[in-house]
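Examining the three-dimensional arrangement
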Amino acid sequence: MKNEGKSAQRPDNTAFTQQRLPAWQPILSAGIVIPGFLIIGLAFIGIGIGLFLTSQTIQVQEMDYTGVEKDSPCFRCTIPSNLNCTCEVTFSLSTLFTGPVFFYYGLSNYYQNFRRYGVSKDYNQLTGDTRYFKSRSPEEDCSPYSYDSNNNPIVPCGAIANSIFNDTFELYQIINGTKKQVPLDGRGISWWTDYNIKYRNPSPVNGSLAKAFDGTVKPINWPRPAYELDLTDPNNNGFLNQDFLVWMRRAALPQFRKLYRRITDGDYAAGLPAGNYSLTVHYNYPVLSFDGRKKVVFSNVSWMGGKNNFLGLAYLVVGSLCVVMSVVMLVVYAKFKFSDDDDA
Amino acid sequence: LITRHSTLYLAKNRRVVMPSWTEHEEIKELQKSYSRNKVRTTKYTFLSFIPKNLFEQLHRFANLYFIFLAALNFVPIVNAFQPEISIIPIVFVMSITAVKDLWEDQRRRKSDQKVNNRLCDVYDRKQKRYVERRWAEVCVGDLVRLCCNEIIPADMVLLHSSDPNGVCHIETANLDGETNLKQRQVVRDLPQGSEFVPENYSSHIECENPNNDLRRFRGFMEHPGKVRVGLHSENLLLRSCTVRNTETVIGIVVYAGHETKAMQNNSGPRYKRSKLERRLNMDVLWCVILLLLMCLIAAVGHGFWLSGLQNPIYMIPDDTHPALAAFYMFWTMIIVLQVLIPISLYVSIEIVKLGQIYFIQNDLDLYNPVLDTGVQCRALNITEDLGQIQFLFSDKTGTLTENRMLFRRCTVAGTEYPHHENAISLEQYEDQGCGDADHSLTLRSRTSRKSLSCKSLSCNRSSVSLNTLTAESDTHSVHDTLRRHTPGAFSGTMECAVVPDPQLQAKLNTLSSAMRSPPRQQAAEISHILDFFLALTVCNTVVVSSPTQPRHVMPVVRTPLRSLEEMKAMFQKLSLPRFPSSLSQNTDTPTSLTKKLFTRGRSASYFPNNSPQTPIMTLQSPTTPSGTPSYTPSTPVTPALSSGAWSEDVDDIQKAKVNSADESESDDEDEAEELLYEAESPDEAALVQAAKAYGCTLLGRSPEQVLVVVPGTGPLSIPLLHVLPFHSARKRMSVVVRHPLTGEVVVYTKGADNVIMELAEAAEDGFSREVMERTQRNLDQYAREGLRTLCVAKKVLEEQEYEAWLKRHEYAETSIENREELLLESAERLETNLTLLGATGIVDRLQEEVPETIEALQEAGIKVWVLTGDKQETAINIAFACKLLRPTDHILMANCDSKETCEARLHELQHEIRQVTKEGVSEDDSSDCVLVIDGRTLDYTLQKELQGSFLELTCCCRSVICCRSTPLQKSQVVRLVRDKLKVMTLAIGDGANDVSMIQMADVGIGISGQEGMQAVMSSDFAISRFKFLRKLILVHGHWCYTRLANMILYFFYKNVMYVNLLFWYQFFCGFSGSTMTNSWVLIFFNLLFTSVPPIIYGVLDKDVSGETLLDLPDLYKSGQNSQAYLPSTFWMNILDAFYQSLVCFFIPYFAYTGSDIGVFSFGSPINGSALLIILLHQLIESRTVTWIHTAILLFSALFYYAFVLLFSLTCVTCNSPTNPLGIETKMMSDPLYYLVCGLTTVLALLPRILCRTFCNTICPSDLVRAQKMERLSAQDYSMSLRQWKENKAAQRLSSRHVPQNLSVNADMPHLTDCIAEAGAVLS
């Protein structure tokens, strides 16, 4: 019929080029939205109830031990001259605190997310690369925690490492006036990826980790060098120290808690029984200068993590909102639908 | 040779060209400095690409901004990310642009190569023969020999042509798209013969420096004997044109390569800034302000936060003053929040527009199968302007009408010849439709294809800007031109079938048949009639060709027939009373001459089989002005050349003779097939066809003579002394010929009726005055019928008068400076004291679907103005026919002679309108008044003082018709409306006279019609029929606008929403510029993960289907009012973005606060829900979801998750300090993540969904109602469509006024009944 030359410019007659692709046209009208909202609303209310109930089952024991108030047990430790101060916080549990119990320390008004603090570390050091122990330019991220006053390289360098939380705690159950130490489990409190992949110790020199750190000095605030962080467990030293790893994972918000230990062993595997407890705090970490607070938190966790009523309530509110809206819309829709019909 | 002194002098502002083998050292040097013929339209070379492209890209403001940001990030004190990350966006965007540029450049390079490698014959001095050379190697001064159908490689001065008359024909379709062949002439005084010996040529040429004026070439050639000959554009062969109908031509190259006129005329595609883009830039500015504000807040916050701290343990010891730190923080925040300025928006818009253009060009509904053309988008960046048109300015002829001119009727010497039978046959023709024409078009299109390959020459630069589409569309256009050219558009078979009016025929026959002398009065009339037809035949630029022989070959011998002598005698007798003086003066020579002619010619014609050696004579115009016209046989035609054509010619002539003697129509048609008339304007061809029907047949044309058949005679050669071509200022054209019968010098003038009438006014005798009066009446009548009118007049020049004029004219012709002005002046000097011969009425029928289109456009709220050069009555009539005017409309006339009356008239009209609106029921803007204004009045109203009241008046009118307007006025009107009313204007036209208007309007549309390609070349979009405008504007315009507007809004929303997440975080990190997101994700979020859906959305989204948009032109108004993108919608979007980001940030915040969540773990659910919100938001905003949308949305989401998961799995040491290792995997294994994301998404989108739903239910916009309508079944749809229209009609009706003829000014008493009449016809 038509020769090729004639219709060379004829556009292709396809659904695509002619913009006739079968399409779904979502018009947001009451008809679709009402059932949609109703379903979403009901679902949300369901989730909300579930979350809320779950959250209610979680037990939390929180104690501020900063010692701001004069009558608080740790007040005396806030005096700067008082070094190696120890104070004792007591509390009592009326019911069994079901295990496993997580033992957190908490800080507030503490800006681990401060940008310049956040970049103040050297990943290459932390992967155990000894080349980066000494030869770093002073302009690196770690500055001014790269070198000490004698110009010795600090390992691990940077503000994060330097500011590691160094209060330590011992928990005792007081049974009939005697203190029974509650075993605290410090294994596996850090992220698996941090411990196994991200952080590496330098390979020991002659079987000694300390030798690998030769020629470097400890961070200024640290009482002991990195290879002596845990004197009890030689494997918990260097950059693979669990507390160090937990600290290095910076908190997102200025009020945060970090996992300190878990109570999983022995008599307390099922939880902390009701009774009186005493927490011995080796008070080292200064927070008062910036109006910070320190606390310890005992909590058990559920599938949704720690206690948080907000999410459950929010779900409930939003769910009800959806339901209410769908009702409102139904009214409106009915009204306008009928008036439309009148027109027609 | 010229002296050294003059060479140096001339070299400065002129160009000196000598043959390339010249010995003259200095000229040799000079010639070397001229550009060579190699063309390079590429922008880059291999080496220069990177620096040059970078440089060009840096000219964009947006790019500069991002480079500034990237650089800022290298300043350690303020850096927010690692420097290498911050340069990703800019590198990404710039490399996409660079790849696109490179690709375009590659296409240009290929086409350049093709052109440069073409071969042509160049004379080689050493080998003493022509050798083949590549085009690229041709230089100025080379002698180039070209054969028929070869493409001209450079601008050359024509030195020799194989044509005995020293002419050659070129086809300029590649250059300007004009379809007719143009004649070029060998430089005068050059020896013409069969052989051109290059060695003998040693003249030098001086001409002006290269310029881009295609129609102008000034210079002179100086022969060794110091004789100077003027050169003008008729001597110049232009690069990229094609030699036609001439066996060989030889020329000397004067401009080569980029200095040729063709290349100088090559401007790239047009760049216009669309209205939406201007708005967009405003809002980008707002975003900048927003950004600065946010940064300021952060900076101040940071300062206060710092000053409140007393050396905490987490603080980096630093003695920077908090204020200074705040200052640094300001810059850091600019880096962090940079995404607020949508970097990818500009690139995305370009891509989206390309996609939109792709769909426009691929629309089958805009495809014209007859011409095999679709719509061409020449401007790439104003698609969305099509959706916002408020004023449409249309040309009439060729735009609303076919521009296929058909002779309808004429009036000669005051007598009207109604041509009733012709009217009937025209109607039949119209009924038959274009089927025949189409057929003939397609048949021929094939042959022309090959010759067009050089189109790329003229077009390859056009793809300078961003896309490839240009190149394609240009190619396209070339094909168009070619194809259009070939059919010989003005000479289709049907047009030939002018049925002569019996009365006129009879009168004309008295001339040829009987020898009885008619009564004096009648004799004068008959001489008028003969002159009239002679003028129609001669006074034009029609070129004759016939399919059986090469076109434009001038039959060589003119053989007067037997009765010539007698006719002459009669003619002289007839004209005696009118031209006594000239007769007495001229009787001697011409008579004796014709006697001579007579005998010779007669032998030739009677014995056609005589040997070719028959003495052949041509009447030639005197080349030198001499006192007495000396008709000397000259330039014997070489037997070799003429013998072939000779016998054919004689055949033709005999046939013509037979035809002229025997007037049967069938014979006419037979002959019509043999002679094809090609004219620059279609009415010329129509007139020639008409004359032919009466036996006045144009057989051929050469620069010096015209060969015609006059009834009763055989072919006559009429010496053509001068052609004063048509000029828009003069509005007429003239030819000066020596009358074949009387031997007098006669000027025939043909032009617009008012002009000719004015020039003919000075008639003293009663007869001509009566003729004029009657003709004027007839003209008015014609105009009322909607015919195009032309007047024909003549003037007999006395020899002295002619000589005197000739001297000054020659001076004008040879002058280099001001040549155009002088020629114009010279023409005006000649065209005075004309004697009116008659007038013609040509019918130009309306294009199909024009009334429907205009109606739809008006319904869409577009004010349609018609700007035409035609008469008022014609314009009004066409306006009625195309429903621009309704019978019930008030027509307001404004025809004034002075500024004062004009001002008064405008006030009067305003008063009238006020009265009308008072009478009307309600005040609606669709008042049914139409203003008709003529050119002169328009001039007054365009003056500053009256502009205001003119515009005020037009605002109250539904439409305005400007008649008798010049091209300049057209553009002035467009500018006035565009600038003063601040509206979007669209101009549509098809001819050169519309170019300025098309360029002036916001959107210019060219109709690739019959009047060449100038309009198309200057347009933004080119369509082939007016009716396509409907879909182009109402559907594609609407779509493009809504799509782009929505996409841009979405982009703003998306960026603001995402950036605010980071901003809220600053409140919890001491305003320190921390981000809770890995910097790669941060950068890629807008650049990769969420950028494709909006592009798809911008290209494919369809709010309402095309059919519905066509059914309901009302819907177009949403675009006109910029409803999709108002400042309020922008701010609503920003507000929504703020809300969503608040939700998106604070729900995770509250969910995680107090827990042991890490910085980047906290960011994970925020990013996840932001992605969901942004994508689902897109879904809510979409009006159509096809599988493409779905796929892209899913792809985007999956891409994000795949990226972050992979990143968190594999990125062990990378990207410090925001190492993502293990974060996403850990977060996503936590059910809380999904709970947070779900809640956030629903809550964030809730208000928008609610808003939409309530709006759609309670007060749906027209668009939503249309969408709902589409869902109905076909039956329900048509029912609700009817109802919709009824509602609208009811609205309109309530605002319409009582029909009443306001009017009309005193000069136009007939107009009232004309309108009434037209109204009656239409109703």
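None of the values given here were measured: they were computed from a predicted structure.

What counts, and where the lines are drawn
Along each chain, numbering runs from 1 in the same order as the chain's sequence is written. As they are written, the chains are lettered A onward and the ligands numbered 1 onward, keeping that order. With pLDDT at 70 or above as the cut-off, local features in this predicted model cover only qualifying residues; side-chain atom pairs require 80 or more to be listed or tallied, and sums for whole chains, interfaces and linings still use all residues. Derived side-chain values reflect all non-hydrogen atoms in the structure, with water molecules and hydrogen atoms excluded from consideration. Strands here mean DSSP runs of E at least two residues long; helices mean DSSP runs of H or I at least four residues long; both are numbered from the N terminus. For each residue, the accessible area found with a 1.4 Å probe, counting protein chains only, is set against the maximum for its type, and the residue is called buried under 20%, exposed over 50%, and partly exposed in between. Whether two residues are in contact is decided by their heavy atoms, any of which lying within 4.5 Å being enough. Axis geometry follows a simple rule: fit a line to the C-alpha atoms, using only the stretch in contact for helices, then measure angles between N-to-C directions, giving values from 0 to 180 degrees. Oblique is the label for any angle not under 35 degrees, not over 145, and not in the 65 to 115 range, which are roughly parallel, roughly antiparallel and roughly perpendicular in turn. Helix crossings are classified by the rotation of the near helix relative to the far one: an anticlockwise turn of less than a right angle makes the crossing left-handed, while a clockwise turn makes it right-handed. Here the rule is simple: two strands pair whenever DSSP picks up at least two bridges between them. We call a pair of cysteine sulfur atoms a disulfide whenever their separation is within 2.5 Å. Only buried residues count toward a nonpolar core. Its members are Ala, Val, Leu, Ile, Met, Phe, Trp, Tyr and Cys residues joined through side-chain atoms within 4.5 Å. UniProt positions are given in the numbering used here, feature names are shortened, and annotations may be inferred rather than shown by experiment. Under the rule applied, a polar contact is a pair of N or O atoms within 3.5 Å (in protein, one hydrogen donor and one hydrogen acceptor; residues adjacent in sequence only if both atoms are side-chain atoms). Centres within 6.5 Å are what make two rings of Phe, Tyr or Trp a pair, Trp counting through its six-membered ring; a difference in plane orientation under 30 degrees is then read as stacked, over 60 as edge-to-face, and the rest as tilted. Simply put, the buried area is the total loss of 1.4 Å probe accessible area from both parts when two parts are fitted together. Throughout this description, the term salt bridge denotes a Lys or Arg side-chain nitrogen within 4 Å of a carboxyl oxygen of Asp or Glu. Ten residues, namely Ala, Val, Leu, Ile, Met, Phe, Trp, Tyr, Cys and Pro, are considered nonpolar, four, namely Asp, Glu, Lys and Arg, are considered charged, and the remaining ones, Gly among them, are considered polar.

Moving on to the overall build of chain B. Along the backbone of chain B there are 49 helices and 33 strands. Taking all 1323 residues of chain B together, the buried fraction comes to 64%. Of all intrachain contacts in chain B linking residues separated by at least 6 positions in sequence, the fraction that spans at least 24 positions is 77%.

With that settled, consider the packing of helix H38 (residues 1079–1089) of chain B against helix H44 (residues 1187–1210) of chain B. Residue and element names in this part refer to chain B. Where H38 contacts H44, the axes come no closer than 11 Å and their chain directions differ by 160°. On the basis of the axis angle, H38 is roughly antiparallel to H44. Like other packed secondary-structure pairs, H38 and H44 cross with a definite hand, here right-handed. Here Trp1080, Val1081, Phe1084, Phe1085, Leu1088 and Phe1089 of H38 come into contact with H44, specifically with Ser1196, Phe1199, Tyr1200, Phe1203, Val1204 and Phe1207.

Residue and element names in this part refer to chain A. Here we have four strands laid out as an open sheet, ordered E1-E10-E4-E7, and antiparallel in their pairing. Every interior strand has two partners, whereas the edge strands, strand E1 (60–64) and strand E7 (256–263), have only one. Direction aside, the axes of adjacent strands within the sheet are offset by 20° on average. Pairing of strand E4 (residues 101–108) with E7, which is carried by seven bridges, proceeds in the antiparallel orientation. What sits directly across from glycine 106, in E7, is arginine 257.

Okay, the state of the cysteines next. Chemically, a disulfide is nothing more than a covalent bond linking the sulfur atoms of two cysteines. Residues and elements named next belong to chain A. Scanning the model with the defined rule gives three disulfides over all chains in all. What pairs with cysteine 74 in a disulfide is cysteine 87, and their sulfur atoms sit 1.9 Å apart. One quick way to see it: the torsion about the S-S bond of cysteine 74 and cysteine 87 is about 80°, and its sign makes the bridge right-handed. Taken together, the residues span a long stretch of sequence, with cysteine 74 in the loop between E1 and strand E2 (85–93) and cysteine 87 in strand E2 at a distance of 13 residues. A single burial state applies to cysteine 74 and to cysteine 87, both of which are buried. Two residues share a disulfide in this structure: cysteine 142 and cysteine 157, whose sulfurs sit 1.9 Å from each other.

Among the nonpolar cores identified, the biggest contains 140 residues, and Leu337, Ile1048, Phe1052, Phe1145 and Phe1162 of chain B are the most heavily contacted of them. The element best represented in this core is helix H37 (residues 1028–1066) of chain B, accounting for 19 residues. Setting aside its immediate chain neighbours within four residues, leucine 337 of chain B contacts Leu291, Met294, Cys295, Val1059, Leu1062 and Phe1063 of chain B. Counting 72 residues, the second largest nonpolar core, distinct from the first, contains Tyr105, Tyr123, Leu209 and Tyr260 of chain A.

A separate point is the UniProt feature "binding site: Mg(2+)" (unreviewed entry) in chain B. Residues and elements named next belong to chain B. Sequence positions flagged by UniProt for "binding site: Mg(2+)" (unreviewed entry) are, in local numbering, Asp395, Thr397, Asp990 and Asp994. Spatially, the listed residues are clustered: although they cover 600 residues, their C-alpha atoms lie within 10.4 Å of one another. In this fold, aspartate 990 is placed in the loop between strand E31 (985–989) and helix H35 (995–1000). For aspartate 990, a relative accessible area of 1% translates into the label buried. Its place among the elements puts aspartate 994 in the loop between E31 and H35. The exposure class assigned to aspartate 994 is buried, which follows from its relative accessible area of 0%. Discounting chain neighbours no more than four positions away, the residues touching aspartate 994 are Asp395, Lys970 and Gly989. For aspartate 994, the side chain forms a polar contact with the side chain of lysine 970, separated by 2.7 Å.

A separate point is the sheet that holds strand E10 (residues 228–231) of chain B. All names here are of chain B. Ordered in space as E1-E8-E9-E10, the four strands form an open sheet in which the pairing is antiparallel. Of all strands in the sheet, those bounded by a partner on one side alone are strand E1 (14–17) and E10. The average angle at which neighbouring strand axes cross in this sheet is 20°, direction not considered. Relative to strand E9 (residues 219–222), strand E8 (residues 204–208) runs antiparallel, the two being bridged by four bridges. Bridging from a neighbouring strand, glutamate 206 pairs with phenylalanine 220 of E9.

Residue and element names in this part refer to chain B. Inspection of every chain in the model, using the stated rule, returns 83 aromatic pairs over all chains. Ring centres 6.4 Å apart and planes at 80° place the aromatic pair phenylalanine 1084 and phenylalanine 1089 in the edge-to-face group. Look at phenylalanine 1084 and you get buried, because its relative accessible area is 12%. Note on phenylalanine 1145 and phenylalanine 1146: the rings are 4.9 Å apart at their centroids and 80° apart in plane angle, and the pair reads as edge-to-face. Accessibility expressed as a relative area gives 0% for phenylalanine 1145, which makes it buried.

All names here are of chain B. Topologically, arginine 129 is positioned in strand E3 (residues 129–134). Separated by 947 residues in the primary sequence, arginine 129 and methionine 1076 place their C-alpha atoms 81 Å from one another. Excluding residues within four positions of it along the chain, arginine 129 makes contact with Val122, Tyr123 and Asp124. Within polar-contact distance, the side chain of arginine 129 engages the side chain of glutamine 127 at 3.0 Å.

With that out of the way, let us pick up the interface of chain B and chain A. Facing the 101 residues of chain B at the interface are 87 residues of chain A. The contact between chain B and chain A buries some 8000 Å² in all, and 66% of this surface belongs to carbon and sulfur atoms. Looking at the side of chain B facing chain A, the largest losses of area belong to Ile313, Tyr314 and Ile316 of chain B, adding up to 10% of the total buried there. On inspection of chain B and its partner chain A, the count reaches zero salt bridges. Where chain B touches chain A, the interface holds 18 residue pairs in polar contact (both at pLDDT 80 or more). Take the side of chain B that touches chain A: its biggest share by element is 18 residues, from helix H46 (residues 1231–1258) of chain B. Of the residues contributing to the side of chain B that touches chain A, the split by class is 52 nonpolar, 33 polar and 16 charged.

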